[in-house]
Amino acid sequence: MSLFSEVPQAAPVAVFKLTQDFNNDQFPNKVNLGVGAYRTDEGQPWVLPVVKKVEKIIVHDDRLNHEYLPILGLPEFRSSASKIVLGDNSPAILENRVGAVQCLGGTGALKIGAEFLRRFYNGSNNTKTPIYVSAPTWENHNAVFSSAGFEDVRPYRYWDAEKRGLDLAGFLGDLESCPEHSVFVLHACAHNPTGTDPTQEQWKQIAEVMMYDNPLIFYPGFASGSLEKDAWAVRYFVSSGFEMFCAQSFSKNFGLYNERVGNLTVVARDADNLKRVLSQMEKVVRITWSNPPSQGARIVTITLTSPELFSEWQENVKTMANRVLLMRSQLKAKLQALGTPGTWDHITDQIGMFSFTGLNPKQVEYLVKEKHIYLMASGRINMCGLTTKNIDYVAESIHEAVTKVQ
Amino acid sequence: CTRYSWWGGVQMGPPDPILGVTEAFKKDTNPKKMNLGVGAYRDDQGKPFVLSCVRKAEAIIAAKQLDKEYLPIGGLAEFSKACAQLALGPENEVLKSSRSVTVQTISGTGSLRIGANFLARFHPGPHDVYLPKPSWGNHTPIFRDAGMQLKAYRYYEPSTCGFDFKGALDDISKIPEQSIILLHACAHNPTGVDPRPEQWKEIADIVKKRNLLVFFDMAYQGFASGDIDRDAWAVRHFIENGHNIVLSQSFAKNMGLYGERVGGFTVVCKDAEEAKRVESQLKILIRPIYSNPPVNGARIAATILNTPELRSLWLEEVHGMANRIIKMREQLVAGLKKNGSSHNWQHVIDQIGMFCFTGLKPEQVERLTKEFSVYMTKDGRISMAGVTSGNVGYLADAIHAVTK
C-alpha cells in the first residue's frame, strides 16, 4: 500500500507538450511556432553576443565567487533593472520610493508579488480579493495567483476575436464595474498571447478609469523594441501617481531563459512604505528559495552598468526585434498575395514575439496534424519560429487551413 | 501630493536573527573580531573557497558554448540523475527499477518548499511534520507556509551536548501513524549532533513500526565526515529497510555552490508508474513558482559528478573541507584544555559538520560578543567554518574567559 497510490497523473503543460510533439515528429519540413523563445533565421537559439562577452568576463574574474546573494538579490542588479523600466531619472527613483526584489524569471517575480498581495493587500490573508487577468492571458498567470491562495481569478475583456484587436470598451467596462480593491494584471507591452497592446491614448483612458477606483496594478513582462517606448505605459502610470509592482523578465530581452533572471520592481507612496513592503517580501523569499541565483543577475548587471556593453545590448535587442518585424511583414504580404480570406493587418499591427492569428481550433488542428506546423490551440504563433526558409510553407499552409477548414 | 498608500498597514518584518549577527559583525572595528554566525565554508585564511573542481567544470562548460534555452520544469536531466545517484549510490535498487523521481530545485530551501507543497497537496496521512528539537530555523516557516502543522521530537540533550537517544525513541514511538518525520541525514543543523549507525538502525525500526513518512534533509553530504557514502549511510539504510522516503539535497556547501542554488528533491515510490505520476504533479507545483530552474549551478554539479577526474578531485576537496573543520574542533578543545578549562569540551569534537552547539548560555554568548567581538547566534551555535588556525587560539581564550 503506497502513500501515493491516489496521486493522479497531471496533464502536461500545453506549451511544453507541443514542443515535445514537435520534437517527436519525423516530418522534414516541420515548423515549431509554439514556445516563446527567440530563434535566428536558421531556426536556432541565439545567445546574445554581449552575453557571451560578459560570460567570459565573469569566468575570468578571480575576484568573483559563488557566495550567497542577499535574500532580495544582487543590489546593483535590482537598481539597474528598475532603472531600465522606470527610466534613470524617474521621479519615483529620485524620491527613494522605488525598490526591487531579484527573482527567478518573470514567473518568480509574479510569484513573490502574488504571495505578498495575498498576505498584505486588502486586509490580511484575504484570499477573496478578485484578481483580474486579461482574456486571454499567459497561461501561467492563473496558476501563479491561485497557487498563492487567491480564490477569485477572473478575466477582464481584452481581445476582440471578431475585429482581431483590443476590446477597449469591454476592458474599460470591466474596470469600471470591478469590485473595490480588485487587482489588475496588466501587460506593459507585447501582450502575451495576442501581441495586441493599447495605444498611448488608450492607456491614458485606462489609467483614468483606474484612478477613479484605484485598484492596485501589477505589470508582467517586458519585451523588445525601444526601451523607452516599451516602458511608456509603466512610466505613465508612475507619473500619474500609482503605486504598483512591475514584474520584469530578462529571459527574452537578454536571451537568458535558463538562468532565471527577473526583477520585481516596487513603486510605493514613500520610502517608509517601501521599506516595510520589502522587509515582508524578504520573508516570503526566505521560505520559497532563500536567495536568488547569481549567474544571470551578474550578466545583466555588468551589461547594464557599462555604457559600451549597454549599447551593444541595445543593438542585440534591435537585431531580434527587427527580425520579428520582418517576419511579420513578410507573412502578411504572402497571405495577401495568396488571397487568403480575411484581413491580415493584425499580423503587422501586433507587436512582440507572439501573434494571435485568429485561426480557430479546427484550423489549428489541421495545421498541426496535416501540415506539421505546431502552434497553440488558441491560434497563437511565435513569430520567431518563422524563417525566410519556411515562411512560404507556413503561409501556404495557413491559406489551406483557412480555405479548407471552417 | 500626499495620497493614501496601499501599504500603510504593513508592519516591518522582524530582522533575521542570523543576518543580524553578520550586520553587527560588519560594524565592529575590533581587528580580532570573528564571525561565527553564518554557515558558509571559509578557508584557513577566513576567505570564501571556490573549489578547483568547480573552476575546472566552469571552464569545460564555457568551452562548449551551450545555448540558454529553458530547462525542463524538472531541471537538467543529467543533474537530477547524478544527484539521485550520489545520495542513493549508483547501484541502488530504487534507481535500477526507476521507482523514484528527482527534480532539480532551488538549493535546499527550494527542495524543502517543493516537498512541503507536495505533501500538503497529496499526503493522505496527518499533515503533521515532526522536527527534531532543535532544527534549522527555516524548517518551521517553510512547512507552516505550505499548510503543514509543526510538531517536535526530542533530539538534543543540553546536559551532555549530545544526542538524547532515549528521548528521541520515546517521542517517536508516540507519533501518530502516517505522520511525517523529518530527519537530518548528517551534520545536524544547528547542533552538529548525529546519531551513530546503531542508533539510526533503532530509529529506522521504530519509524517503520509507527508507519511514518520519512523526510530526509541532506544538506551536507560529504561535508560531515569527508566521505560521501558514510554521510549518506542513514538515507541508504532507511531505503534498504523498506522506507519509501522523500529527500532534499543541497550542493551549496559540499560543492561551494551557494549562490548558484543547486539542489534536488527526490520521492521514492512504489514503482516506476507511481514515480511518473508523482513527477507530473511535482511539475505542476513548480511551474507557478518559478517555471523552471536555473541552469548554471546544475551544469557545474553535473559536470563534476559525471566527469571521473573532476569527481575524484571533488571528493578530495570536500574531504579537505571536512578535515579542516575537524582539525579546528580539535585545536579549539586543545586550546581550552591548555587554558586550564575545567569543563568537558568533548562534545566539540564529537559533533560533526559545520556547526557546533557549544553549550554556552545566552549571557556567556553576550559577553563573547561584547568583550571579545566573537559573533555567534544566541543559542550558543558557532559555525566552525569561521575558525582558522590563526584565530582558534583567540577563540579558546575568549570562551575560557566567559566560562571559567
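Residues numbered from 1 in each chain as written. Chains lettered and ligands numbered in written order. Predicted model: local features only at pLDDT ≥ 70, side-chain atom pairs only at ≥ 80, totals over all residues. Heavy atoms only, no water.

Our working definition: UniProt positions are given in the numbering used here, feature names are shortened, and annotations may be inferred rather than shown by experiment.
Looking at an unreviewed UniProt entry, one finds chain B named Aspartate aminotransferase, with Oreochromis niloticus as its source organism. UniProt's Sequence similarities (unreviewed entry) comment on chain B is quoted here verbatim: "Belongs to the class-I pyridoxal-phosphate-dependent aminotransferase family." Under the UniProt heading Subcellular location (unreviewed entry), the entry covering chain B gives this text: "Mitochondrion matrix".

Looking at an unreviewed UniProt entry, chain A carries the name Aspartate aminotransferase, with the source organism given as Oreochromis niloticus. Under Sequence similarities (unreviewed entry), UniProt gives the following word-for-word description of chain A: "Belongs to the class-I pyridoxal-phosphate-dependent aminotransferase family." Among the UniProt annotations of chain A, the heading Subcellular location (unreviewed entry) holds the following wording: "Cytoplasm".

## Observations concerning the UniProt feature "domain: Aminotransferase class I/classII large" (unreviewed entry) in chain B
Stated precisely, the cut-off is as follows: A run of H or I in DSSP becomes a helix once it reaches four residues, and a run of E becomes a strand once it reaches two; helices and strands are each numbered from the N terminus.
Using the residue numbers shown here, the UniProt feature "domain: Aminotransferase class I/classII large" (unreviewed entry) corresponds to residues 32–399 of chain B. As a span, residues 32–399 of chain B carries 46% helix and 15% strand, and end to end its C-alpha atoms are 14 Å apart.

## Here's the deal with the pattern of salt bridges
Note the threshold: Within this document, salt bridges are pairs made up of a side-chain nitrogen of Lys or Arg and a carboxyl oxygen of Asp or Glu, the two lying within 4 Å of each other. The cut-offs for exposure are 20% and 50% of the maximum accessible area for each residue type, with area from a 1.4 Å probe on protein chains only; residues under the lower value are buried, those over the upper are exposed, and the others partly exposed.
The full count for this structure, using the stated rule, is 40 salt bridges over all chains. Close ionic contact of D171(B) with R154(B) constitutes a salt bridge, the shortest N to O distance being 2.9 Å. Linking D171(B) in helix α7 (residues 165–172) with R154(B) in strand β4 (residues 149–154), this pair joins segments that are 17 residues apart in sequence. In this structure, E274(B) engages R277(B) in a salt bridge whose closest nitrogen and oxygen atoms are separated by 4.0 Å. Of this pair, E274(B) and R277(B) are both found in helix α11 (residues 272–290), three residues apart, which corresponds to roughly one turn of the helix. Here R277(B) falls in the buried class, since its relative accessible area comes to 10%. Sharing partners across several salt bridges, the network here consists of K111(A), E115(A), R118(A), R119(A), R113(B) and D145(B).

## Regarding empty space enclosed by the protein
Which entries qualify depends on this criterion: Every definition here rests on a 1 Å grid over the protein atoms only: cavities are sets of points where a 1.4 Å probe fits but cannot get out, pockets are open sets enclosed by protein on both sides within 12 Å along at least five of seven lines, and lining residues have some atom within 4 Å of a point. Grid points are joined across faces, edges and corners, and a volume is the space filled by probe spheres set on the points. Three categories are distinguished: nonpolar for Ala, Val, Leu, Ile, Met, Phe, Trp, Tyr, Cys and Pro, charged for Asp, Glu, Lys and Arg, and polar for the others, with Gly belonging to the last.
Applying the stated criterion across every chain, the model contains two cavities of 30 Å³ or more. Volume-wise, the largest cavity comes out at about 50 Å³. At the level of elements, α7, β7 (180–184) and α8 (197–209) of chain B are the ones that each hand at least two residues to the lining of the largest cavity. For the second largest cavity, the calculated volume is near 30 Å³. Lining of the second largest cavity is provided by T288(A), I106(B), G110(B), R113(B), I114(B), I289(B) and Y290(B). Those elements giving two or more residues to the lining of the second largest cavity turn out to be α5 (107–122) and α11 of chain B. Of all the elements, α5(B) adds the most residues to the lining of the second largest cavity, at three residues. Taken together, the residues that form the lining of the second largest cavity break down as four nonpolar, two polar and one charged.

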